[in-house]
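# Structure at a glance
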Amino acid sequence: MRKPPADRLEGLLEAATNVFAERGYQRAQMADIAREMGVSPGALYLYVESKEALFSLVLAHASGHDDCPAPNGFPVPTPPPGAILERLASHATDAQKLPSLTAALETESAEDPVAELSSIVTEFYTMSEQHRRVLDVLERSALDWPELAAVFFRDIRGAFLDRLTRYLRRRMESGQLRQLPDASLGARFILESVSWFAWRRHHEPQDSALPPDTTRAAIVSLLVAALLP
């Protein structure tokens, strides 16, 4: 089999990401991706053995993991059953830990609660913004793939919410953050606010043009101010 040109892999991944984000994994067809890329469907199989292999490659690439094969590694083989979900959970768990949040959970109180909370929200915002395309793919694919939905909403978002809730509760108990009826509501407020401005606003033409740095700084400032005593 002839070797495919390695310099077209980026175009394949971009086309596949667009289609998976629009249709989700179950509904997307290789023919849709080929049409998006402007090639024949057969050309895709020079790079990957299957839609499963391409989806796995898209997730790895969009998440920032250097899993793209060398030219002599084509076509990328189909992953074993369950491997996509296992790798997704592993990668996402590492990403969601956030150094500032991890450090904050190891202490009973903060030397500077404003700086601490600002750092946590900034890190989460930056991560969400950097990974917004893979989040598009995952959220859309979760609609038609129950097993992926469990990983995305329970193991990824749910685990992050649990950690953030524990942090907020601890700082509320020490009097360093505003007392709320339920700390989980504060965690959800942060998650949904950041998710919209760092990620989902890019689907709205009038909002996607907002200056990135200014938007991030404003949202961090507003969220921190809302949670101060």
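Below is a short write-up of the structure. (Residues numbered from 1 in each chain as written. Predicted model: local features only at pLDDT ≥ 70, side-chain atom pairs only at ≥ 80, totals over all residues. Heavy atoms only, no water.)

## Topic: the nonpolar core
Formed by 44 residues in total, the largest nonpolar core has its most connected members in Phe20, Ile33, Leu54, Phe55 and Leu148. Breaking this core down by element, the ones donating at least two residues are helix H1 (9-23), helix H2 (30-37), helix H4 (51-62), helix H5 (83-96), helix H8 (132-142) and helix H9 (146-173). The dominant element in this core, judged by the number of residues it contributes, is H1, at 8 residues. The contact partners of Phe55, leaving out residues within four places of it in the chain, are Phe20, Tyr25, Ile84, Val137, Ser141, Trp145 and Leu148. (Core = buried A, V, L, I, M, F, W, Y, C linked by side-chain atoms within 4.5 Å. Buried < 20%, exposed > 50% of the residue type's maximum accessible area, 1.4 Å probe, protein only. Helix = DSSP H or I, 4+ residues; strand = E, 2+ residues; numbered from the N terminus. Contact = heavy atoms within 4.5 Å.)

## Here's the deal with helix H10 (residues 183-198)
A rise of 1.5 Å per residue sets the reference length of H10, with its 16 residues, at 22 Å; its end C-alpha atoms lie 22 Å apart and thus fit the reference within 8%. Among the residues of H10, Ala183, Gly186, Ala187, Ile190, Leu191, Ser193, Val194, Ser195 and Ala198 are the ones counted as buried. If you follow the buried residues of H10, they end up packed against helix H7 (113-130), H8, H9 and helix H12 (212-227). (Expected span 1.5 Å × (residues − 1).)

## With respect to the environment of Arg157
Residue placement: Arg157 occurs in helix H9. On the accessibility criterion, Arg157 (10% relative accessible area) is buried. Along the primary structure Arg157 and Leu191 are separated by 34 residues, whereas in three dimensions their C-alpha atoms are 8.7 Å apart. Residues within four places of Arg157 in sequence aside, it is in contact with Phe152, Arg188, Leu191, Glu192, Ser195, Trp199 and Arg200.

## Concerning the packing of aromatic side chains
In total, this model carries 9 aromatic pairs according to the counting rule given. Judged by centre distance (4.9 Å) and plane angle (85°), the rings of Phe20 and Phe55 are edge-to-face. Remark: Phe55 occurs in helix H4 and Phe20 occurs in helix H1; sequence separation between them is 35 residues. Accessibility classification places Phe20 together with Phe55 in one group, the buried group. The exposure class of Phe55 is buried, given its relative accessible area of 0%. Every member of this aromatic cluster is reached through a ring pair, and the members are Phe20, Tyr25, Phe55 and Trp145. Against the face of Trp199 rests Arg200, its NZ or CZ located 4.2 Å from the ring centre. (Phe/Tyr/Trp six-rings, centres within 6.5 Å; stacked < 30°, edge-to-face > 60°. Lys NZ or Arg CZ within 6 Å of the ring centre and 35° of its normal.)

## Considering the packing of H1 against H8
Packing of H1 against H8 brings their axes to within 7 Å, and their N-to-C directions diverge by 40°. Judged by the angle between their axes, H1 and H8 are oblique. Of the two elements, H1 crosses H8, and the hand of that crossing is left-handed. Every residue of H8 that contacts H1 at Thr17, Asn18, Phe20, Ala21, Glu22 and Arg23 is listed here: Arg133, Asp136, Val137, Arg140 and Ser141. A per-class count over the contact of H1 with H8 returns 3 nonpolar, 3 polar and 5 charged. (Axes fitted to C-alpha atoms, helices over the stretch in contact; angles between N-to-C directions. Parallel < 35°, antiparallel > 145°, perpendicular 65-115°, else oblique. Left-handed = near helix turned anticlockwise from the far one by under 90°. Nonpolar A, V, L, I, M, F, W, Y, C, P; charged D, E, K, R; others polar.)

## Some words on the side chain of Ser50
In this structure, Ser50 sits in the loop between helix H3 (41-44) and H4. Since its relative accessible area comes to 11%, Ser50 is described here as buried. A distance of 2.6 Å separates a polar atom in the side chain of Ser50 from a polar atom in the side chain of Thr78. If sequence neighbours within four positions are ignored, Ser50 has contacts with Met30, Tyr45 and Thr78. (Polar contact = N/O pair within 3.5 Å; in protein donor to acceptor, adjacent residues only side chain to side chain.)

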